[in-house]
Amino acid sequence: MKVNKISETSASRKIDKLQSKVEQYFLNKSGKELIYRPTEKIPVIQVSSFPELGKLTALRFIEWVLENPNGVISLPTGKTPEHFIKWVEKILKEWDTKEIQNILKEVGINTAKRPSLENLKFVQIDEFYPIDVKQHNSFYYYIQKFYFRLWGLNPKNALLMNINEIPTPENLSLDEIFPGKKVDLSLRTKWASTRLERLQKETIEIVDEFCTNYERKIREMGGIGFFLGGIGPDGHIGFNVRGSDHFSTTRLTETNYETQAAAAVDLGGIEVAKNRLVITIGLETITYNKDATAIIIAAGEAKANIVRDSIQNPISNKYPATALQKLKNARFYLTHGAAIRLSERRYVEAAQESPLSQFTIERSVINLAVEKSKTLVNLTKDDFKDNKITNLVLNTLKQPTSQITKEIEENLIKRLERGMQPVENEVILHTAPHHDDIELAYLPYITHLVRTPLNKHHFTYLTSGFTAVTNSFMLSLMENLATFLESNYFEKKFEEKYFYKNNIEAKNNDVMHYLDGVAAHSRTIQNEALARRLLRNIIEIYEEENYVYLKDRVKELINYFKTQYPGKKDIAHVQKLKGMQREFESEIFWGYYGFRVEDVSHLRLGFYQGDIFTEQPEMDRDVIPIFNLLKKIKPTIVSLAFDPEGSGPDTHYKVMQAISEALKLYEKYSGNSNIKVWGYRNVWYRFHPAEANIYVPVSLNSFAILENTFMKSFSSQKDASFPTWEYDGPFNRAVQKVQVEQYNVLRQCLGKDFFLKHQHPRIRAAKGICFLRELSLDEFYKHTRELKKVTE
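The sections below set out a description of the structure shown in this document. Worth saying up front: this structure is predicted, and the values here are computed from it rather than measured.

Calculation criteria
Residues numbered from 1 in each chain as written. Predicted model: local features only at pLDDT ≥ 70, side-chain atom pairs only at ≥ 80, totals over all residues. Heavy atoms only, no water. Salt bridge = Lys/Arg side-chain N within 4 Å of Asp/Glu carboxyl O. Helix = DSSP H or I, 4+ residues; strand = E, 2+ residues; numbered from the N terminus. Buried < 20%, exposed > 50% of the residue type's maximum accessible area, 1.4 Å probe, protein only. Pairing = 2+ DSSP bridges. Axes fitted to C-alpha atoms, helices over the stretch in contact; angles between N-to-C directions. Contact = heavy atoms within 4.5 Å. Core = buried A, V, L, I, M, F, W, Y, C linked by side-chain atoms within 4.5 Å. Phe/Tyr/Trp six-rings, centres within 6.5 Å; stacked < 30°, edge-to-face > 60°. Lys NZ or Arg CZ within 6 Å of the ring centre and 35° of its normal. Right-handed = clockwise from strand over helix to strand, strands pointing away.

**Some words on the pattern of salt bridges**
Working step 1: A complete count under the given rule lists 46 salt bridges for this structure.
Working step 2: Where Glu40 meets Arg345, a salt bridge forms, and the shortest distance between an N and an O atom there is 2.7 Å. Of this pair, Glu40 sits in the loop between helix H2 (21-30) and strand S1 (44-47) while Arg345 sits in helix H13 (residues 343-352), placing them 305 residues apart in sequence.
Working step 3: When its relative accessible area of 3% is taken as the criterion, Glu40 is described as buried.
Working step 4: The class of Arg345 is buried, set by a relative accessible area of 1%.
Working step 5: The salt bridge partner of Glu284 is Lys326, with a shortest N-O separation of 3.8 Å. Remark: Lys326 occurs in the loop between helix H12 (304-312) and strand S10 (330-335) and Glu284 occurs in helix H11 (residues 283-287); sequence separation between them is 42 residues.
Working step 6: The exposure class assigned to Glu284 is buried, which follows from its relative accessible area of 15%.

This is the structure:
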């Protein structure tokens, strides 16, 4: 007799009865089960948004502290715990308020006694090595700022990785022992052939001893009682990267590329991250206390694959988080986006849809075609029955498989044809959070859209993007400018007021001169253009017009960029200077297409300040500038980065919400409700073919255009200092990889011959596909309302 799976999972709740009232409350609220057997190996609690994830985690922490006031805790660093930290702070400070008391009572927490953190023992999870812990990008600094100062944890009870306090041979500084901060761990096992190597070998041995003692102290405390961690793109927990031994303890170790890419923002670039080692507690350290509450939190679709692999696989070195299967109180706390690829959950969600959505139907059948390596029309009834969701589709629709697949095939072809249809008599406002987002998302489409003079285009960038510009890059620009200033090369232009702030023609000249240099393959001409614009920016920022004083200012800036450690938050005027360099780069890019400086605007929204936890957009500061631009441009189409989940700190999401509010104001002001919205994604998030409704074929020629324009225009980005963890190289090539993968999915669904023998040369030439999603204003508002609702 066949057992109904949903009935099976209902029994699982009885088997996996929760001791935590907080977890039980959020589990009931989710409408999900704690664990879906047999696929899931670790229990999961699912919530609707990133802020809700923080609230759940904070309440569970408070509940645990009340039960274990003398317990041992280990908490994460980075962006992921933002809402956890803020909620714990709020609960502690506002314990007696009606709002907090109601929340606590609702989730079953005893409010009679206020929690005390005084006797908790804190264990630091990891740290970069070598690093000065006074730096703002050290984890030691983060812990001091957000856990000790904000919450009032007792530092006397803390076990910390204070790199500054670890002894060194002859009391030398780490910079003297490890020039360039590069540590060669092979010295553990080889002879030291020089004095420097001898010092390095001895230092490594001292750190190894520190790690052993650190591990011993944790075990003497009984192990970690409450562990909270995020999960890296390769599945790392702490810095236990993919392949780590599940019996590993605290150690000094190397990382992998995915981890280095994720750490690049903290450390000021991948160039720094690749040379930096880490000290981390081990997987055995985390699981030593068999009664430990160990929680992994993850938000957003970007984490969905590694979350699936960590939860659905048996214990394996390939997936570090599977080590938590040894703990009865291990949990994953996930947003819907992070849980989307957990197969049983996806099935249950589909089974609860009434009626079954077109998105679910298309997504499951397209996935089946890829899984079976078959075209849509070749999928059989047996193929459908092999997969729970497509079997559900088959049973729900009660149609032959040929009818289901034929309809989906026709939909894919219609979307592809739509991506080739002429778009005319439109005013298109292309918006982006950062200066390369538009270009990386749908440049092949723009290349066709600009070929007709019947369209008008305006490009606007909503943040200054200064965090993507390294000090070393700015130093090279400054030294280039100093060469021109010392030769008095710009004196005549200075007298002609060429560098005057409002001289728009001179700004256009900067762009044209750079492009002349590109055309002539002249680095000298390009360097002059870069120097011109940098000097113009310095004059504007510092309000300095004296040529001699400007030389001194450039010398000061050269010294600044030489002396600041990578990853340090810059002072405001340097942030602006870095941002203006990115602005120039985007103007160069659109100069390739004949657009002038007036066709490109830079709003520099104020919520973007370079802090680890960014502010929320505000009406006057962040929405009104967009509204004013809408009034000026009067667009019929607005493009924007389309975040798949309201994940709180993400700049794309915040920009999207600001645009949504501005469009509502503009619709009310203009009475125009016919504006279309084009949502795009690039290297960070992807559309599934079932989500997008415009498919644009991308040829090798289009890839070549992007390669040339991106690498020549975005000088600050071509070395990929802050790359995606999925690709070690510049973003344009990462995008090409994504678009080729998207093409391969469509080719699998439609068949090779569809592309090879198609009558249209653009289809035959396609080697990539870029996806867009067009929405009406009402559809867009509905999407952003849903996101906003779950983040409040």
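**Considerations on the sheet that holds strand S4 (residues 126-129)**
Backbone hydrogen bonds hold the strands of a sheet together, and the pairing may be parallel or antiparallel.
Working step 1: Sheet architecture is open: three strands sit in the order S4-S8-S7, paired in antiparallel fashion. Only two strands of the sheet have a single neighbouring strand rather than two, namely S4 and strand S7 (251-253). Strand-to-strand twist in this sheet, taken as the mean axis angle between neighbours without regard to direction, amounts to 25°.
Working step 2: As paired strands, S7 and strand S8 (residues 277-280) are joined by three bridges and run antiparallel to one another. Note that in S8 the partner of Arg251 across the bridge is Thr280.
Working step 3: Against the sheet, helix H8 (residues 195-220) makes contact with S4, S7 and S8, and its axis sits at roughly 135° relative to S7, the strand it touches most.

**Some remarks on the environment of Asp175**
Working step 1: Along the polypeptide, Asp175 turns up in helix H7 (residues 174-177).
Working step 2: Judged by its relative accessible area of 47%, Asp175 is partly exposed.
Working step 3: C-alpha separation for the pair Asp175 and Leu18, spaced 157 residues apart in sequence, amounts to 51 Å.

**What about the nonpolar core?**
Working step 1: Counting 114 residues, the largest nonpolar core has Phe61, Leu75, Phe84, Tyr147, Trp151 and Leu334 as the members making the most contacts within it.
Working step 2: Looking at this core, the element that brings in the most residues is helix H3 (residues 50-67), giving nine residues.
Working step 3: Dropping the residues within four chain positions of it, Leu334 is found in contact with Val44, Ile45, Gln46, Val47, Leu53, Ala298, Val307, Ile311, Ala339 and Leu342.
Working step 4: If you look at the next biggest cluster of nonpolar residues, it comprises 65 residues, including Leu356, Phe607, Val677 and Tyr781.

**What to know about the packing of aromatic side chains**
Working step 1: The full count for this structure, using the stated rule, is 43 aromatic pairs.
Working step 2: Ring geometry for Phe484 versus Phe490: centroids 5.3 Å apart, planes at 5°, classification stacked. Each member of the pair, Phe484 as well as Phe490, carries the same accessibility label: buried.
Working step 3: One aromatic cluster is present, formed by Phe61, Trp64, Phe84, Phe122, Tyr142, Phe146, Tyr147, Phe148, Trp151 and Phe226 through successive ring pairs.
Working step 4: Taking the ring centre of Tyr498 as reference, the NZ or CZ of Lys493 above it sits at 4.5 Å.
Working step 5: Its guanidinium or amino end placed over the ring of Tyr669, Lys631 lies 5.3 Å from that ring's centre, counting from NZ or CZ.

**Focus: the pairing of strand S11 (residues 427-432)**
Working step 1: Along S11, five of the six residues are buried, which leaves the element largely enclosed by surrounding structure.
Working step 2: In this structure, S11 lies alongside strand S12 (residues 456-461), joined through six bridges in parallel fashion. Across the sheet, the residue bridging to His430 is Phe459, located in S12.
Working step 3: The handedness of the S11 to S12 crossover, carried by helix H18 (residues 437-449), is right-handed.
Working step 4: Looking at chain direction, S11 and strand S14 (residues 637-641) are connected through three bridges and run parallel. Bridge pairing in S14 links Ile428 to Ile637.

**Comments concerning the pairing of strand S9 (residues 293-298)**
Working step 1: Burial analysis of S9 places six of its six residues in the buried class, the great majority of the element.
Working step 2: Because side chains alternate across S9, one face comprises the buried residues Thr293, Ile295 and Ile297, and the other comprises Ala294, Ile296 and Ala298, equally buried.
Working step 3: In the classification by handedness, the crossover that spans S9, the intervening H12 and the parallel S10 is right-handed.

**A short note on unusual backbone geometry**
Working step 1: A cis amide bond, omega 5°, links Arg37 with the succeeding residue Pro38.
Working step 2: You can see Pro38 is positioned in the loop between H2 and S1.
Working step 3: Even without a glycine there, the phi angle at Asn488 is positive, about 55°.
Working step 4: Here Asn488 lies in the loop between helix H19 (471-486) and helix H20 (491-495).
Working step 5: Despite not being glycine, Ala720 has its phi angle at roughly 50°, a positive value.
Working step 6: As for its placement among the helices and strands, Ala720 is situated in the loop between helix H27 (700-713) and helix H28 (731-750).
Working step 7: Here Ala720 falls in the buried class, since its relative accessible area comes to 8%.

**Examining helix H9 (residues 257-267)**
Working step 1: Most of H9 is tucked away, with eight of its 11 residues classed as buried.
Working step 2: Buried within H9 we find Tyr257, Glu258, Thr259, Gln260, Ala261, Ala263, Ala264 and Leu267.
Working step 3: Those residues of H9 that are buried are in contact with S4 and helix H10 (270-273).
Working step 4: Phi turns positive, to about 90°, at Gly268, one or two residues after H9.

**Description of the sheet that holds strand S6 (residues 226-229)**
Working step 1: In spatial order, the strands read S1-S10-S9-S6-S2-S3-S5; together these seven strands make up an open sheet with parallel pairing. Looking at strand neighbours, the two that pair on one side only are S1 and strand S5 (158-159), the edges of this open sheet.
Working step 2: With four bridges joining them, S1 and S10 adopt parallel strand pairing. By the bridge assignment, Ile45 is partnered in S10 with Tyr333.
Working step 3: Contacting S1, strand S2 (72-74), S6, S9 and S10, H3 runs over the sheet at an angle of about 150° to S10.

**Describing helix H6 (residues 139-151)**
Working step 1: With 10 of 13 residues buried, H6 lies mostly within the body of the structure.
Working step 2: Among the residues of H6, Phe139, Tyr140, Tyr141, Tyr142, Ile143, Gln144, Phe146, Tyr147, Phe148 and Trp151 are the ones counted as buried.
Working step 3: Elements that come into contact with the buried residues of H6 comprise H3, helix H4 (82-93), strand S3 (121-123), S4, S5 and H9.
Working step 4: Positive backbone phi, approximately 85°, marks Gly152, located one or two places after H6.

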